[in-house]
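Fold and contact review
Below, each chain spelled out in residue letters.
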Amino acid sequence: TIAYLNGEFKPLEQAQISPMDRGFLFGDGIYEVVPSYAGKLVAGNLHAQRMNRGLSEIGIKVLAEESNWVAIAEGLLARNLDHLPDQNVGIYIHVSRGADTKRFHAFPEGVKPTVFAFAFSIAPSAVPDRTQAKGLHVQTQEDLRWRRCHIKSTSLLGNVMHFQDSFGKGINETVLYNQDGMVTEASVSNVFAVIDGEIVTPPLDNQLLPGITRHILINSIRKDGQYQLVERQITLEELKGADEVWLTSSSKEVAPVVMIDNQAVGNGVVGEVWEQVAKSYHTHKFSF
Ligand code: PMP
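Report follows, based on the coordinates. (Residues numbered from 1 in each chain as written. Predicted model: local features only at pLDDT ≥ 70, side-chain atom pairs only at ≥ 80, totals over all residues.)

Details of the packing of helix α5 (residues 212–224) against helix α7 (residues 272–284)
Note the following rule: Axis definition: a line fitted to C-alpha atoms, over the contacting stretch in the case of helices. Angles run 0 to 180 degrees between N-to-C directions. Secondary structure is summarised from DSSP: a helix means a run of H or I of at least four residues, a strand means a run of E of at least two, and numbering begins at the N terminus for each. The scheme is simple: roughly parallel for angles under 35 degrees, roughly antiparallel for over 145, roughly perpendicular for 65 to 115, oblique for anything else. Here, residues touch in the contact sense if the C-beta positions derived from the backbone fall within 7 Å of one another. Residues are sorted three ways: Asp, Glu, Lys and Arg are charged, Ala, Val, Leu, Ile, Met, Phe, Trp, Tyr, Cys and Pro are nonpolar, and all the rest, Gly among them, are polar.
Where α5 contacts α7, the axes come no closer than 9 Å and their chain directions differ by 100°. In terms of axis orientation, α5 runs roughly perpendicular to α7. On the side of α5, the interface is formed by Ile216, Leu217, Ser220, Ile221, Lys223 and Asp224, while α7 contributes Val277, Ser280, Tyr281 and His284. Grouping the constituent residues of the contact of α5 with α7 by class yields five nonpolar, three polar and two charged.

Some details on α5
Heads up, the rule is: Multiply 1.5 Å by the residue count of a helix minus one, and that product is the helix's expected span. Put simply, a residue is buried when 20 or more other C-beta atoms lie within 10 Å of its own C-beta and exposed when 12 or fewer do; between those, it is partly exposed, and each C-beta is set from the backbone.
Its 13 residues place the ends of α5 18 Å apart at the C-alpha level, agreeing with the 18 Å of an ideal helix rising 1.5 Å per residue. Listing the buried residues of α5 in full gives Ile212, Thr213, Arg214, Ile216, Leu217, Ile218, Ser220 and Ile221. Immediately beyond the C-terminal end of α5, within one or two residues, lies Gly225, with a positive phi of roughly 65°.

Observations regarding the packing of helix α2 (residues 44–57) against helix α3 (residues 69–80)
Their axes nearest at 9 Å, the elements α2 and α3 cross at an angle of 125°. Here α2 is positioned oblique relative to α3, judged by the angle of their axes. Between α2, through Gly44, Asn45, His47, Ala48 and Met51, and α3, the contact on the second element is made entirely by Trp69, Val70 and Ala73. Partitioned by chemical class, the residues of the contact of α2 with α3 number five nonpolar, three polar and no charged.

Given below as structure tokens:
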């Protein structure tokens, strides 16, 4: 595996960083995961823009010539596709504030950010078929992370703990709700539901990540015009009573949920609306 570190492509085993790196000591950094299929990135520019927004929000400055995220991702694809023969590849890009000489919370002056990236296999992207799709089982929990969830921070312990709680029970994800009982997102994905014939998803704010898959799905649904979609608050009760629930993320695309807290979603099988919108997603995803 060829990775990327601070301007150079090199074997992953040779990519080394300092233990004083603030990414290691504080989780002080921003990351992205960009999916690709057969060598083509999905929404590379949208991922690059979100990366730059996150970096500017936390005050990390990367030189323009070192922050061509799409070029780094394409460079990794070019060097790794031959040994990732299924051609479904995720690109992980991570920028930390860099290695200081001391452990001190305040942002250091004159420290160069660390830029690291590598490629890994992701699930294949098949044409959605509800007779074939395996529905996910999820649980719900109150969101116990921080209140800046719109930043794609590398500090993921809160997400890791919510995800592990479901994984340890042999289920797929933890859907999160806030103190007012409103669904926000899940530990590694965004949430959609079909309620009274309408597709709904929580509006963007500081309680959830502005998912790129979410963005592509919303715009694909609007382009095709077959269904109404609204961004609005969803209560936990509404979610549990929804006809369909789906999760979106770069590595799982649009995934149907069939069980929430041990109760069937709708009639307990993968839904029709899912098949239609997941097809829209599949058709349009390379045009963002
Ligand atoms: N929310 C959280 C907390 C996530 O970690 C992710 C991605 N891993 C998402 C939503 C989905 O974002 P995207 O569609 O950009 O992958």
